[in-house]
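Chain by chain, the residues run as shown.
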Amino acid sequence: MEYQIDIIFAQTWVDTRLRYNSSSMRILTLNSNMVGLIWLPDTIFRNSKNADSHWITTPNQLLRIWNNGKILYTLRMTINAECQLQLHNFPMDEHSCPLVFSSYGYPRDEIMYKWRRNSVETSDQKYWRLYQFDFMGLRNTTEILTTTAGDYVLMTVYFDLSRRMGYFTIQTYIPCILTVVLSWVSFWIKSDATPARTALGITTVLTMTTLSTVARNSLPRVSYVTAMDLFVTVCFLFVFAAMIEYAMLNYYSYSIRRPPAKRQRMAYSALSMGRAPRSTVPMGNSLFWQDYDDNCLYECLDGKDCKSFFCCYEECKEGGWRKGRIHVNIEELDSYSRVFFPTSFLLFNIVYWVSYLYL
């Protein structure tokens, strides 16, 4: 990220060559034309992209010389500096943007930078243009940079910023939560209302896809997963799972109602001895199998129709083949989902917000 800052940069040093004897004029104030006639520190801003000094209506420079050789030189500048952001917690992230300056050619044994007490001050924040961040404070440090040309003193000012979540809450988080809740409406729609539930599922999936695209466009392209990416992805999985839930319900419900492809068996198990098969009644191009339930029941008890995890008959709860399996009534899948989906989504939100806001 690149940020812009308008500063008044002040430097003070002592040059014994500029001492003068005057009891009536202790401080000598000079205009900007005299700046080029004295020695100035070769201070540079190491993380700046570009910097401009202000020249309207006159050069914004101040030069004062004390009778003991002390010099004060101030300059107003606008600097575009670089700030490396770590967006793992985006949009609940906090950053410290540095402004680093040092001497360009003089090492530590020739020029030494020191902070004066309360040397860093900020203007009234009502004039600041921080639309996405809150200013938390600033701090200054002194470090030594070791290079092949020598050791240089690095002076750094850190601006601590905290991102405001209002925009992202309105644009991403609330729509994602409402879309997930909307996908749960299908659990209260009858399972035979295929067009309604399918249209609702597809609509919510496409909505989450659009929200995910918009969320990615609001931050730089990074290769790692951010907090917003995690939330949007989980919301998408919840919406997609709600659609898959109806696909499973529709498939197994159709499998229950569908007549068996083979004819009725001529030989019956011990439970069906003496029972004559019922006749079938033709209805258009299909057959209404009056004895379908009985046939499927016997096959189920024989272990031929219960190889899947789900089973549709209460009688199938018993038997050795049921060992290690859980009996799930497929017709009650919507009832299970009405409890499971809201509960799991609520638990996810609790863990998500506590982890990113307080841990």
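Located above this text is the structure these notes cover.
Rules of the game
- Residues numbered from 1 in each chain as written.
- Predicted model: local features only at pLDDT ≥ 70, side-chain atom pairs only at ≥ 80, totals over all residues.
- Heavy atoms only, no water.
- Patch = residues over 30% accessible without salt bridge, like charges linked within 9 Å, V, L, I, M, F, W, Y side chains within 5 Å.
- Areas by Shrake-Rupley, 256 points an atom, 1.4 Å probe, with all protein chains shown as cover.
- Salt bridge = Lys/Arg side-chain N within 4 Å of Asp/Glu carboxyl O.
- Helix = DSSP H or I, 4+ residues; strand = E, 2+ residues; numbered from the N terminus.
- Buried < 20%, exposed > 50% of the residue type's maximum accessible area, 1.4 Å probe, protein only.
- Phe/Tyr/Trp six-rings, centres within 6.5 Å; stacked < 30°, edge-to-face > 60°.
- Lys NZ or Arg CZ within 6 Å of the ring centre and 35° of its normal.
- Expected span 1.5 Å × (residues − 1).
- Axes fitted to C-alpha atoms, helices over the stretch in contact; angles between N-to-C directions.
- Parallel < 35°, antiparallel > 145°, perpendicular 65-115°, else oblique.
- Left-handed = near helix turned anticlockwise from the far one by under 90°.
- Contact = heavy atoms within 4.5 Å.

Draft legend 1. Structural view of a nonpolar patch on the surface. Together, Leu346, Leu347, Ile350, Val354, Leu357, Tyr358 and Leu359 make up a nonpolar patch on the protein surface, roughly 790 Å² of accessible area in all. As for its placement among the helices and strands, Val354 is situated in helix 5 (residues 333–358).

Draft legend 2. Inspection of the pattern of salt bridges at higher detail. By the definition in use, this model includes 10 salt bridges. Its salt-bridge partner being Lys49, residue Glu2 comes within 3.6 Å of it at the nearest N-O pair. Highlighted residues: Glu2 in strand 1 (residues 2–14) and Lys49 in strand 4 (residues 48–53), separated in sequence by 47 residues. Owing to a relative accessible area of 44%, Glu2 belongs among the partly exposed residues under this scheme. Asp15 is paired through a salt bridge with Arg17; the nearest N and O atoms lie 2.9 Å apart. Judged by relative accessible area, which is 9%, Asp15 ranks as buried.

Draft legend 3. Highlighting the packing of aromatic side chains. Taken as a whole and judged by the stated rule, the model has 27 aromatic pairs. With a centroid separation of 6.0 Å and an interplanar angle of 85°, the aromatic rings of Trp13 and Trp39 are classed as edge-to-face. Residue Trp13 is found in strand 1, and its partner Trp39 is found in the loop between strand 2 (27–30) and strand 3 (43–45); the two are separated by 26 residues along the sequence. We classify Trp13 as buried; its relative accessible area is 11%. For the pair Tyr173 and Tyr352, a centre-to-centre distance of 6.3 Å together with 50° between the ring planes defines the contact as tilted. Of this pair, Tyr173 sits in helix 1 (residues 166–183) while Tyr352 sits in helix 5, placing them 179 residues apart in sequence. For the pair formed by Tyr173 and Tyr352, the shared burial category is buried. Through pairs of rings, three or more aromatic residues link up here, namely Tyr173, Trp184, Phe187, Phe231, Phe238, Phe340, Phe341, Phe345, Phe348, Tyr352, Trp353 and Tyr356. For Lys70, the ring lying beneath its charged end belongs to Trp66, and the centroid distance is 4.9 Å. Taking the ring centre of Tyr158 as reference, the NZ or CZ of Arg139 above it sits at 4.5 Å.

Draft legend 4. Region of the structure containing helix 5. Helix length check: helix 5, at 26 residues, gives a terminal C-alpha distance of 37 Å against a target of 38 Å (1.5 Å per residue), a fit within 8%. Along helix 5, the positions that sit buried rather than exposed are Leu333, Asp334, Ser337, Phe341, Ser344, Phe345, Phe348, Asn349 and Tyr352.

Draft legend 5. Focus on the packing of helix 1 against helix 2 (residues 194–217). Closest axis-to-axis distance for the helix 1/helix 2 pair is 10 Å, and the angle between their directions is 165°. Accordingly, the angle class assigned to the pair helix 1 and helix 2 is roughly antiparallel. Every pair of crossing elements has a handedness; the one defined by helix 1 and helix 2 is left-handed. In this structure, helix 1 uses Gln171, Thr172, Pro175, Cys176, Thr179, Leu182 and Ser183 to contact helix 2, whose residues at the interface are Leu200, Thr204, Thr207, Met208, Leu211 and Ala215.

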